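Coordinate analysis (summary)
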Amino acid sequence: MTDTPTRRIKSKPVPLAAASSLEKTVPLRINGKQYFHNGDPNLPLLWFLRDVLRLTGAKYGCDSNTCGACMVLIDGKAQHACAIAVKDLARREIVTIEGLAGKNALHPLQESWIAEDAIGCGYCQPGQIIAAAALLKRKPDPGDADIDTITNLCRCGTYPRIRAAIMRTAAGKKA
Ligand code: FES
Ligand code: FES
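Figured I'd write up the structure that's included with this text. Quick caveat: nothing in here was measured; it's all calculated off a predicted structure. (Residues numbered from 1 in each chain as written. Chains lettered and ligands numbered in written order. Predicted model: local features only at pLDDT ≥ 70, side-chain atom pairs only at ≥ 80, totals over all residues. Heavy atoms only, no water.)

Some remarks on the packing of aromatic side chains
Inspection of every chain in the model, using the stated rule, returns one aromatic pair. Geometrically, the ring pair formed by Trp47 and Tyr60 is tilted, given 5.0 Å between the ring centres and 50° between the ring planes. Here the residue Trp47 occupies a position in helix α1 (residues 45–52), and Tyr60 occupies one in the loop between α1 and β3 (71–74), the gap between them amounting to 13 residues. Classification of Trp47 as partly exposed rests on a relative accessible area of 25%. Residue Tyr60 is classed as partly exposed on the basis of its relative accessible area, which comes to 37%. (Phe/Tyr/Trp six-rings, centres within 6.5 Å; stacked < 30°, edge-to-face > 60°. Helix = DSSP H or I, 4+ residues; strand = E, 2+ residues; numbered from the N terminus. Buried < 20%, exposed > 50% of the residue type's maximum accessible area, 1.4 Å probe, protein only.)

Description of the packing of helix α2 (residues 108–115) against helix α5 (residues 159–171)
Following both chains from N to C, one finds α2 and α5 inclined at 130°, their axes separated by 8 Å at the closest point. Between α2 and α5, the crossing angle belongs to the class labelled oblique. Both α2 and α5 take part in a crossing whose hand is right-handed. For the pair α2 and α5, the contacting residues are Pro108, Leu109, Ser112, Trp113 and Ala115 in the first and Ile162, Ala165, Ile166, Arg168 and Thr169 in the second. (Axes fitted to C-alpha atoms, helices over the stretch in contact; angles between N-to-C directions. Parallel < 35°, antiparallel > 145°, perpendicular 65-115°, else oblique. Left-handed = near helix turned anticlockwise from the far one by under 90°. Contact = heavy atoms within 4.5 Å.)

Points about the sheet that holds strand β5 (residues 93–95)
One open sheet accounts for five strands, arranged β2-β1-β5-β3-β4; its pairing is mixed. Edge positions in the sheet fall to β2 (33–39) and β4 (77–80), since each has one partner strand and no second. When strand polarity is set aside, the average angle formed by the axes of neighbouring strands in this sheet is 40°. Together, β3, β4 and β5 form the strand contacts of helix α3 (residues 125–138), whose direction differs from that of β3 by roughly 30°. (Pairing = 2+ DSSP bridges.)

As for the environment of Phe48
Mapping Phe48 onto the fold places it in helix α1. It is 7.9 Å that separates the C-alpha atoms of Phe48 and His37, two residues lying eleven residues apart in sequence. Residues within four places of Phe48 in sequence aside, it is in contact with Leu28, Ile30, Tyr35, Phe36, His37, Leu43, Leu53 and Val86.

Comments concerning the pairing of β4
Sheet analysis places β3 next to β4, joined by four bridges and oriented antiparallel. Paired with Val72 across the bridge in β4 is Gln79. Taking the residues that link successive antiparallel strands as the turn, the β3-β4 hairpin has two residues, and the phi of Asp75 there is positive, at about 50°.

Re the nonpolar core
Core analysis: the biggest nonpolar cluster contains 20 residues, and Leu73, Leu100, Leu109, Trp113, Ile129, Ile130 and Ile166 have the highest contact counts within it. Looking at this core, the elements with two or more residues in it are β3, α2, α3 and α5. With eight residues, the top contributor of residues to this core is α3. The residue makeup of this core includes at least three contributed by each of domain 1 (21–100) and domain 2 (108–174). (Core = buried A, V, L, I, M, F, W, Y, C linked by side-chain atoms within 4.5 Å. Domains from an automatic or database assignment.)

Some words on the pattern of salt bridges
A complete count under the given rule lists five salt bridges for this structure. Where Asp75 meets Arg92, a salt bridge forms, and the shortest distance between an N and an O atom there is 2.7 Å. Of this pair, Asp75 sits in the loop between β3 and β4 while Arg92 sits in the loop between β4 and β5, and the two are 17 residues apart along the sequence. Here Arg168 and Glu116 are joined by a salt bridge, their closest N and O atoms 2.8 Å apart. With Arg168 in helix α5 and Glu116 in the loop between α2 and α3, the pair connects residues that are 52 residues apart, well separated along the chain. We classify Arg168 as buried; its relative accessible area is 15%. What emerges from the salt-bridge pattern is a single network uniting Asp144, Asp148 and Arg163. (Salt bridge = Lys/Arg side-chain N within 4 Å of Asp/Glu carboxyl O.)

Details of unusual backbone geometry
Trans is the prevailing form of peptide bonds, just as negative phi is the prevailing case for residues other than glycine. Backbone geometry places Asn31, a non-glycine residue, at a positive phi of 50°. Relative to the helices and strands, Asn31 resides in the loop between β1 (24–30) and β2. In this model, Asn65 sits at a positive phi of 65°, which is unusual for a non-glycine residue. Note on placement: Asn65 falls in the loop between α1 and β3. Note on Asn65: relative accessible area 45%, which makes it partly exposed.

Written as structure tokens, this is what we have:
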């Protein structure tokens with residue numbers, strides 16, 4: 001009796017791309033430099049800044065688009081980096097607190113923050129300064145009502161000193 005030849009079934013090779021099918025290259029312009037994100041395009045910008053670039057000025061607070069601790073400038077507007085995916089940021093201009101001063105040592109707002117002793121524990125302050133920078137860009141001479149539109153939270157209650165620092169910057173006062 002002859003053995004019936006068994007048919008060998010060739011298993012299909014698993015495409016190498018399977019594990020990285022979500023990966024895309026996203027060009028990102030941050031603080032005047034060009035970067036490329038190779039990975040999950042849905043990664044929130046906050047984690048690209050903090051974990052990949054080690055720009056830790058933008059803070060992780062509520063993670064729900066509310067507190068403002070993660071704020072950065074995107075095309076000059078203050079936005080929450082926890083709530084925007086890198087895939088939506090190609091060809092946008094992103095500025096973090098680390099890049100706000102440009103080539104100068106400090107931005108005028110940072111000088112005013114020091115002069116008015118605006119900082120408590122400091123956690124919320126990068127986001128507060130970014131929000132103030134966006135406000136002064138659209139309202140160079142803001143009134144109280146304009147400053148009230150900044151909704152960033154501060155658990156240390158430094159709001160009056162932040163207000164004074166914004167007013168000082170708008171008035172062009174030196175420290
Ligand atoms: S951590 Fe982004 S708004 Fe609070
Ligand atoms: S300075 Fe502490 S949370 Fe604002």
